[in-house]
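Each chain, written out:
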Amino acid sequence: MENKEFNLGEYLTRGVEGIVRRAVRATFTDPRESAFMARFALLSREASRRRAKAETEGENIPPFLIASITSSCNLHCAGCYSRQNHACTDAAPVNQLTAKDWENVFSEARELGISFILLAGGEPLLRRDVINAAGNYPEIMFPIFTNGTLLNDEYIKLFDRKRNLLPVLSIEGRQEKTDERRGGGVYASVKTAMEQIRKNRLIFGASVTVTTANLQEVTGREFLDELRDGGCKAVIYVEFVPVTEESKGLAPGDAEREYLRECLSEIREEYPDMVFISFPGDEKGTGGCLAAGRGFFHINSHGGAEPCPFSPYSDINVKNTSLRQALHSPLFTALREQNVLMEEHSGGCVLFERKESVEALLAESAGKTVLTSAAG
């Protein structure tokens, strides 16, 4: 059960307000961007009120949603959890959600009070139709996690018109670290994309997969200075989740996570014109993992509602049901109520490490569904 002394709703609201407040400050020198962020701050507070109202009625609505809008990708990054889980392929997509399906998701998310929808993949820039649709929901901020290699003039124009679409370019440090993981020439492509965005006076973020091999470099001031000077306004650190035995040594342990927490405290003071976020962050301070609808959940490219991208298990599909119903799926409910999200673990994701427990709960959920259908 949830820790009664820890108010999750208040914690998440403070977190969202802090992100938005720092974003307003980060864009202060750009009048157009600052005006958009000021408007978004007002809309975000309205979304917070909707979530708070739901909480008084006994329902937790997370402020974040992760949407993998395609399973296709043009890169083969070393240690990619998505390819290991067969959620990302080179084959032509089959039975994926249409742009209209995603519009339905975005529309309901807005009504529920979800403020941020992180667009991922695969490579999300392969789904121009979905990104176009996302631009029509200014109440929601859409960080687009892209490898940057497909950025073109048409996307630049779209991001200029629709300021709620925020490109977040993946980078693993300097050239050696980035190309080592993502492939030769990718670092140069990312830097070119950053320069295109900067020249057009748009803002962007950077997504950094943190490993034991690059932790020092990606928290170093030389790397951060380059990002800031290039126009980057947000850095999202994502802890590496090992998908093979051989890669377990790259996963940050307690010492590395503590180092990252201490670095973030200093970095946020030194770079007040940038936003820094760590995922999954300090789970001890959040009463456990925030997946499975506690703070966020994941929708895969086929519509399956999953606890998180690192835990690709689903017992409900948004093609056939609502987001609200997905949040109350048997699997999500069991994960929240049976303390799986609170368990100790060594890597970046408790659900990835406890996949046997998740699979057992999924099987139990499937059994209940069969019994319910038979009874009906």
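Only a predicted model underlies this, so the values are computations on that prediction, with no experimental measurement involved.

### Here we look at helix 10 (residues 221–229)
Thinking step 1. Along helix 10, the residues classified as buried are Phe223, Leu224 and Leu227. What you see down the axis of helix 10 is that its buried residues fit within an arc of 95°, all on one side. Every exposed residue of helix 10 that faces more than 90 degrees away from the buried side is listed here: Glu222 and Asp229.
Thinking step 2. In this structure, the buried residues of helix 10 make contact with helix 8 (186–199), strand 5 (204–210), helix 9 (215–218), strand 6 (232–239), helix 11 (254–270) and strand 7 (275–279).

### Details of the confidence of the model for the protein chain
Thinking step 1. For the protein chain, the average pLDDT comes to 87, and 91% of its residues sit at 70 or higher.
Thinking step 2. Per-residue pLDDT stays below 50 along residues 369–376; that stretch engages in zero contacts with residues further than four places along the chain or on separate chains.

### Some words on the nonpolar core
Thinking step 1. Among the nonpolar cores identified, the biggest contains 99 residues, and Phe106, Ile117, Leu119, Ile131 and Tyr237 are the most heavily contacted of them.
Thinking step 2. Each residue touching Phe106, except ones within four places of it in the same chain, is listed here: Ile117, Leu119, Val130, Ala133, Ala134, Tyr137, Ile140 and Phe142.
Thinking step 3. Membership of the second largest hydrophobic core comes to 12 residues, among which are Val16, Ile19, Val20 and Ala234.

### Looking at the packing of aromatic side chains
Thinking step 1. Per the stated rule, a full pass over the model turns up 10 aromatic pairs.
Thinking step 2. For the pair Phe106 and Phe142, a centre-to-centre distance of 5.0 Å together with 70° between the ring planes defines the contact as edge-to-face. Pair noted here: Phe106 is in helix 4 (residues 99–112) and Phe142 is in strand 3 (residues 142–146), with a separation of 36 residues, a long-range link.
Thinking step 3. A relative accessible area of 0% means that Phe106 is categorised as buried.
Thinking step 4. Three or more aromatic residues link up through ring pairs in this structure, and these residues are Phe36, Phe40, Phe64 and Phe116.
Thinking step 5. Just above the ring of Tyr155 sits the side chain of Arg128; from NZ or CZ to the centre is 5.1 Å.

### Structural notes on the side chain of Glu59
Thinking step 1. Along the chain, the position of Glu59 falls in the loop between helix 2 (31–56) and strand 1 (64–68).
Thinking step 2. Within the local environment of Glu59, its side chain forms a polar contact with the side chain of Arg324, the two groups lying 3.1 Å apart.
Thinking step 3. Contacts of Glu59, omitting those with residues within four sequence positions, involve Ala54, Arg324 and His328.

### Things to note about the pattern of salt bridges
Thinking step 1. For the coordinates displayed, the defined rule picks out 25 salt bridges.
Thinking step 2. A salt bridge links Glu111 to Arg110; the nearest nitrogen and oxygen atoms lie 3.6 Å apart.
Thinking step 3. Relative accessible area serves as the criterion here: at 25%, Arg110 is assigned to the partly exposed category.
Thinking step 4. Within the structure, one salt-bridge network assembled from shared partners comprises Glu46, Arg49, Arg50, Arg110, Glu111 and Glu139.

### Section: the environment of Glu306
Thinking step 1. Structurally, Glu306 can be placed in strand 9 (residues 305–306).
Thinking step 2. In this structure Glu306 touches Phe297, His298, Asn300, Ser311, Pro312, Tyr313, Ser314 and Phe332, once residues within four positions along its chain are discounted.

### Remarks on unusual backbone geometry
Thinking step 1. Residue Gly121 is joined to Gly122 through a cis peptide bond whose omega torsion reads 10°.
Thinking step 2. Although it is not a glycine, Arg201 sits at a positive phi angle of roughly 55°.
Thinking step 3. With respect to the element layout, Arg201 can be found in the loop between helix 8 and strand 5.
Thinking step 4. In this structure, Ala292 takes a positive phi of about 60° despite not being glycine.
Thinking step 5. Within the secondary structure, Ala292 sits in the loop between strand 7 and strand 8 (298–299).
Thinking step 6. Using a relative accessible area of 0% as the deciding quantity, one classes Ala292 as buried.

Reading guide: rules and limits
- Residues numbered from 1 in each chain as written.
- Predicted model: local features only at pLDDT ≥ 70, side-chain atom pairs only at ≥ 80, totals over all residues.
- Heavy atoms only, no water.
- Buried < 20%, exposed > 50% of the residue type's maximum accessible area, 1.4 Å probe, protein only.
- Helix = DSSP H or I, 4+ residues; strand = E, 2+ residues; numbered from the N terminus.
- Arc of directions from axis to C-beta.
- Contact = heavy atoms within 4.5 Å.
- pLDDT = per-residue confidence, 0-100.
- Core = buried A, V, L, I, M, F, W, Y, C linked by side-chain atoms within 4.5 Å.
- Phe/Tyr/Trp six-rings, centres within 6.5 Å; stacked < 30°, edge-to-face > 60°.
- Lys NZ or Arg CZ within 6 Å of the ring centre and 35° of its normal.
- Polar contact = N/O pair within 3.5 Å; in protein donor to acceptor, adjacent residues only side chain to side chain.
- Salt bridge = Lys/Arg side-chain N within 4 Å of Asp/Glu carboxyl O.

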